[in-house]
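Residue-level structure breakdown
Chain residues, written in single-letter form:
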Amino acid sequence: MTHPVIPSIRTLLYENGLLPLRSQAELSESLLQERLDLLPSLLEETQLDCWLVVAHENNEDPVMKSLMTWDRRTARRLTALLFFRNGRGGVDRLSWGMPSQRMAQFYTPCKQGDESLCQGLVRLFEQYDPQRIGINVSPACGGFCDGLSAGLYQTLQELPEPYRGRLCSAERLSTRFLETMTARELHVMGVLVKATEAVIQAAYSPSVIQPGVTTTQDVEWFMRDVISQCELDFWFGPDVDLQRQGLEGYSHSGLIQPGDLLHCDIGVYLKYIPVLTDKQWMAYVAKPGETQAPAGLQALFAQGNQFQDITRSVYLPGRTGNAVFHDAVEKGKAAGLLPELYCHGLGTFGHGAGPIIGRYDYQDSIYPRGELPLGMHTSYALELNVRGPVPEWQGQMVRISLEEDIHVAQQADYVYNHQQQLIVIA
């Protein structure tokens, strides 16, 4: 299959240094340096003197994904990355047990001979004398600061005093590091959002969807084929489903027919740069003679946009996820909407670090992660839906589900674009 959208997406990626893969790998190294440059201020903010990230090969701490060079996808045997505040306003970055010339551009190798992990740590702790040593143990962060294995935790308990007593959870540092997005990472996300939207728009077209012939699975495989040929990948799905007059709820399989309301959920990512997207757009399959969707569907879609505006207006740095959730939902209901809200962090991971703002299956405060504050320069999936009766469908309840990538600075803005009206497939 050679669809016209493929060369256009590939050109977009080439123009922004994301293809060929060699250019992407080179860009990933400068992005890693920018990310590591966040650590001096974050260690000071979280009042840690040392951050210890340690893992066995093939049982990596999730944080390692954002700390390694493009050619090192896993730990090597037993690897420790150490970050010490050096008293000069900076951070010394050390690697223990990671033989790699490329990693050595960012980390100073520090393992001596055949010393054990604890022997190496004691030697380094004696040199730096850290008072608070952060390790990644905290189930409250949703796994983003809980990557230290049980076996390695037991190993660290063999450290002599006073160092064993100085170990503490790095949960706030780990969260802040993973949720914060640099300016150039945000640019990469913007490029990927454009590419994601291009895949959706190509799928929502008569060249792909022939009513009575095409299934929702056909559209999903079209998306996967386009993503693959653009040297991208997907972190879930993509998923395509439909709502139909006289059919209760969503259907995730079957033939697409005239009059169907389509919904897709898609997220893409690159090979060497851990920045992900997550979008949900909707389309209407026109009946013969129709040039637009029924007025009731259009009005309900406009309510979805309205709830997006309401949510973004209260999506401010420093507010807790639970505060954003209740404020947005209450304002939406006061405006006459039937809203649901379930946003999540987005960036290094699809369901990323930081606060959870409602859940699809639980529309209330989330504890403990809902009490985390929204960080400055963080990105999220603005994920929500509104429901309502559609007159043209004899009052049948229909749901408009939307998801867009947003970035939070002084306010919450779309990373690139957002769907402002139903796409009509005619």
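Structural data are supplied above this passage.
Attention here is on the structure that accompanies the text. (Residues numbered from 1 in each chain as written. Predicted model: local features only at pLDDT ≥ 70, side-chain atom pairs only at ≥ 80, totals over all residues. Heavy atoms only, no water.)

1. Some words on the pattern of salt bridges
Following the criterion strictly, the structure yields 24 salt bridges and no others. Between Arg 123 and Glu 115 there is a salt bridge; the shortest N-O distance is 2.7 Å. Asp 361 is the partner of Arg 359 in a salt bridge, and the nearest nitrogen-oxygen pair spans 3.2 Å. Of the residues examined, Arg 359 reaches a relative accessible area of 36% and is grouped as partly exposed. Through salt bridges with shared partners, a single network forms among Glu 29, Asp 71, Arg 72 and Arg 102. (Salt bridge = Lys/Arg side-chain N within 4 Å of Asp/Glu carboxyl O. Buried < 20%, exposed > 50% of the residue type's maximum accessible area, 1.4 Å probe, protein only.)

2. Looking at the environment of Leu 42
Turning to its location among the elements, Leu 42 is positioned in helix α3 (residues 39-46). Between the alpha carbons of Leu 42 and Val 91 there is a distance of 10 Å; along the sequence they are 49 residues apart. Aside from chain neighbours lying at most four places away, what touches Leu 42 is Leu 173, Arg 176 and Phe 177. (Helix = DSSP H or I, 4+ residues; strand = E, 2+ residues; numbered from the N terminus. Contact = heavy atoms within 4.5 Å.)

3. Details of helix α8 (residues 183-203)
For α8, built from 21 residues, the straight-helix expectation of 30 Å at 1.5 Å per residue is met to within 8% by its first-to-last C-alpha distance of 31 Å. For α8, the buried fraction is high: 15 of the 21 residues fall into the buried class. (Expected span 1.5 Å × (residues − 1).)

4. A look at the side chain of Gln 419
By the secondary structure assignment, Gln 419 is in the loop between β16 (412-414) and β17 (423-425). The class of Gln 419 is buried, set by a relative accessible area of 2%. A polar side-chain atom of Gln 419 sits 2.6 Å from the main-chain carbonyl oxygen of Met 282. Excluding residues that lie within four positions of it along the chain, Gln 419 makes contacts with Gln 280, Trp 281, Met 282, Phe 301, Asn 305, Gln 308, Leu 402 and Glu 404. (Polar contact = N/O pair within 3.5 Å; in protein donor to acceptor, adjacent residues only side chain to side chain.)

5. Let's talk about the side chain of His 3
Here His 3 lies in the segment before α1 (5-15). For His 3, a relative accessible area of 16% puts it in the buried group. If sequence neighbours within four positions are ignored, His 3 has contacts with Ala 202, Ser 207, Val 208 and Phe 222.

6. Regarding the pairing of strand β2 (residues 78-85)
Taken residue by residue, a regular strand's side chains alternate between the two faces of the sheet. Among the eight residues of β2, six are classified as buried, and the element is accordingly described as predominantly covered. The pairing of strand β1 (residues 50-56) with β2 spans seven bridges and is antiparallel. The residue bridging Leu 52 from the neighbouring strand is Leu 82, located in β2. Bridge count for β2 against strand β3 (residues 91-96) is six bridges, and the pairing is antiparallel. Residue pairing across strands places Phe 84 opposite Asp 92, the latter belonging to β3. Linking β2 to β3, which pair antiparallel, is a turn of five residues; within it Gly 87 sits at a positive phi near 80°. (Pairing = 2+ DSSP bridges.)

7. Let's talk about the packing of helix α2 (residues 21-36) against α8
At a minimum axis separation of 9 Å, α2 and α8 run at an interaxial angle of 135°. Between α2 and α8, the angle falls in the class oblique. Counting all contacts with α2, which are made through Leu 27, Ser 30, Leu 31, Glu 34 and Arg 35, the residues of α8 involved are Arg 184, Glu 185 and Val 188. (Axes fitted to C-alpha atoms, helices over the stretch in contact; angles between N-to-C directions. Parallel < 35°, antiparallel > 145°, perpendicular 65-115°, else oblique.)

8. Remarks on the environment of Pro 294
Its place among the elements puts Pro 294 in the loop between β10 (279-285) and α10 (295-314). Exposure remark for Pro 294: the relative accessible area of 12% places this residue in the buried category. Taking the C-alpha atoms as reference points, Pro 294 and Glu 161, separated by 133 residues in sequence, lie 72 Å from one another. The residues touching Pro 294, leaving out its near neighbours within four places in the chain, are Tyr 284 and Glu 392.

9. Observations regarding the environment of Asp 114
Tracing the chain through its elements places Asp 114 in the loop between β4 (108-109) and α4 (117-128). Its relative accessible area of 76% is what places Asp 114 among the exposed residues. Separated by 17 residues in sequence, Asp 114 and Gly 97 place their C-alpha atoms 9.8 Å apart.

10. Some words on the packing of aromatic side chains
Under the defined criterion, the tally for this structure stands at 11 aromatic pairs. With a centroid separation of 5.6 Å and 35° between ring planes, the pair formed by Trp 51 and Phe 83 is classed as tilted. Taken together, the residues span a long stretch of sequence, with Trp 51 in strand β1 and Phe 83 in strand β2 at a distance of 32 residues. Overall, the relative accessible area of 0% leaves Phe 83 in the buried class. A ring pair is formed by Phe 84 and Tyr 128, whose centres lie 4.1 Å apart and whose planes are at 5°; its orientation type is stacked. With Phe 84 in strand β2 and Tyr 128 in helix α4, this pair connects stretches of sequence that are 44 residues apart. An aromatic cluster of at least three residues, connected via ring pairs, comprises Trp 51, Phe 83, Tyr 107 and Phe 177. Sitting over the ring of Phe 177, Arg 35 keeps its end group 4.9 Å from the ring centre. Here the basic side chain of Lys 111 rests over the ring of Trp 96, its NZ or CZ set 4.6 Å away from the ring centre. (Phe/Tyr/Trp six-rings, centres within 6.5 Å; stacked < 30°, edge-to-face > 60°. Lys NZ or Arg CZ within 6 Å of the ring centre and 35° of its normal.)

11. Some words on the nonpolar core
In this structure, Ile 9, Val 188 and Tyr 204 are the most contacted members of the largest nonpolar core, which totals 50 residues. Secondary-structure elements contributing two or more residues to this core are α1, α2, α8, α9 (216-229), β7 (233-244), β9 (261-269), β10 and β17. When residues of this core are assigned to their parent elements, the largest contribution, 11 residues, is made by α8. (Core = buried A, V, L, I, M, F, W, Y, C linked by side-chain atoms within 4.5 Å.)

12. A few points about the state of the cysteines
One pass over the structure, following the stated rule, counts zero disulfides. Free of any disulfide, Cys 110 has its nearest neighbouring cysteine sulfur in Cys 50, separated by 10 Å. Note on Cys 110: relative accessible area 9%, which makes it buried. Counting only cysteine sulfurs, Cys 145 is the nearest neighbor of Cys 141, a cysteine outside any disulfide, at a range of 5.4 Å. Given the relative accessible area of 6%, Cys 141 is considered buried. (Disulfide = S-S within 2.5 Å.)

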